[in-house]
Amino acid sequence: MDLIYKDECYRIVGAAMEVHTELGRGFLEAVYQEALKIEFEKSSIPFKEQVKMNIYYKDILLKKEYIMDFLVFDEIILEIKAMSKLSKLEDAQLINYLKATKKKLGILINFGSDKMEWKRLVV
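Definitions and limits used
Residues numbered from 1 in each chain as written. Predicted model: local features only at pLDDT ≥ 70, side-chain atom pairs only at ≥ 80, totals over all residues. Heavy atoms only, no water. Buried < 20%, exposed > 50% of the residue type's maximum accessible area, 1.4 Å probe, protein only. Helix = DSSP H or I, 4+ residues; strand = E, 2+ residues; numbered from the N terminus. Right-handed = clockwise from strand over helix to strand, strands pointing away. Pairing = 2+ DSSP bridges. Axes fitted to C-alpha atoms, helices over the stretch in contact; angles between N-to-C directions. Phe/Tyr/Trp six-rings, centres within 6.5 Å; stacked < 30°, edge-to-face > 60°.

**Student:** How should I be thinking about the pairing of strand 4 (residues 105-110) in this particular structure?
**Tutor:** One face of the sheet, then the other: side chains in a regular strand alternate in exactly this way. Most of strand 4 is tucked away: 6 of the 6 residues are buried. Between the parallel pair strand 3 (residues 76-81) and strand 4, the chain is carried across by helix 3 (residues 88-101), and the sense of this crossover is right-handed. The sheet contact formed by strand 4 and strand 5 (residues 117-122) spans 6 bridges and is antiparallel. For asparagine 110, the partnering residue across the bridge sits in strand 5 and is glutamate 117.

The following block contains the structure:
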């Protein structure tokens, strides 16, 4: 079975690894987001940042909006964190984003530990 968006995921994680190699841990999430934006631009990786998502309840648009960190290649939701360790809460957040947008693949990257953590979530 082939991985969905395998090459795109490889490029995203590669850009994030470059950011982590350069900055290490200890910065705020916003710093990593800005640095990752620069890496995406240098690598010609198409992205949108701080994308608002509408949420519906029984076909009624709710006032509450989610804001994802990045939408990459128009298909992959990328959420970044700067925490000592990821938990199930971050997984749940990304899964909710995937459900809300009907996208299939999400990537969660944590810059807050000595070794960059990342995972793919597919719905």
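**Student:** Whenever I open this one, the environment of glutamine 33 confuses me. Can you help?
**Tutor:** Position of glutamine 33 relative to the elements: it lies in helix 2 (residues 29-42). Its relative accessible area of 8% is what places glutamine 33 among the buried residues. Sequence separation between glutamine 33 and glutamine 50 is 17 residues, and the spatial gap between their C-alpha atoms is 9.8 Å.

**Student:** I'm lost on the sheet that holds strand 4 in this one. Help?
**Tutor:** With mixed pairing, the 5 strands of this open sheet are ordered in space as 1-2-3-4-5. At either end of the open sheet lies a strand with only one pairing partner, and these are strand 1 (47-57) and strand 5. Each adjacent strand pair in this sheet contributes to an overall mean axis angle of 35°, direction not counted. In terms of strand pairing, strand 1 meets strand 2 (residues 60-72) through 9 bridges, oriented antiparallel. The residue bridging tyrosine 57 from the neighbouring strand is isoleucine 60, located in strand 2.

**Student:** Is there a simple way to explain unusual backbone geometry in this structure?
**Tutor:** Only a minority of non-glycine residues have a phi that is not negative, and only a minority of peptide bonds are not trans. Non-glycine residue tyrosine 5 carries a positive phi angle of around 55°. Within the fold, tyrosine 5 resides in the segment before helix 1 (6-23). For tyrosine 5, a relative accessible area of 26% puts it in the partly exposed group. Although it is not a glycine, lysine 102 adopts a positive phi angle of roughly 65°. Tracing the sequence through the fold places lysine 102 in the loop between helix 3 and strand 4. On the basis of relative accessible area, lysine 102 is assigned to the exposed category, the value being 71%.

**Student:** Sorry, what's going on with the packing of aromatic side chains here?
**Tutor:** Centre distance and the angle of the planes are the two values used to describe a pair of aromatic rings. Scanning all chains against the criterion turns up 6 aromatic pairs. Judged by centre distance (6.1 Å) and plane angle (85°), the ring pair of phenylalanine 27 and tyrosine 32 falls under edge-to-face. Looking at phenylalanine 27, the relative accessible area reads 38%, which means it is partly exposed. Residues phenylalanine 47 and phenylalanine 70 carry aromatic rings whose centres are separated by 5.8 Å and whose planes lie at 70° to one another, so their mutual orientation is edge-to-face. Of the two residues, phenylalanine 47 is situated in strand 1 and phenylalanine 70 in strand 2; the sequence distance between them amounts to 23 residues. Accessibility expressed as a relative area gives 22% for phenylalanine 47, which makes it partly exposed. Site record: aromatic cluster; members linked through ring pairs are Phe27, Tyr32 and Phe111.

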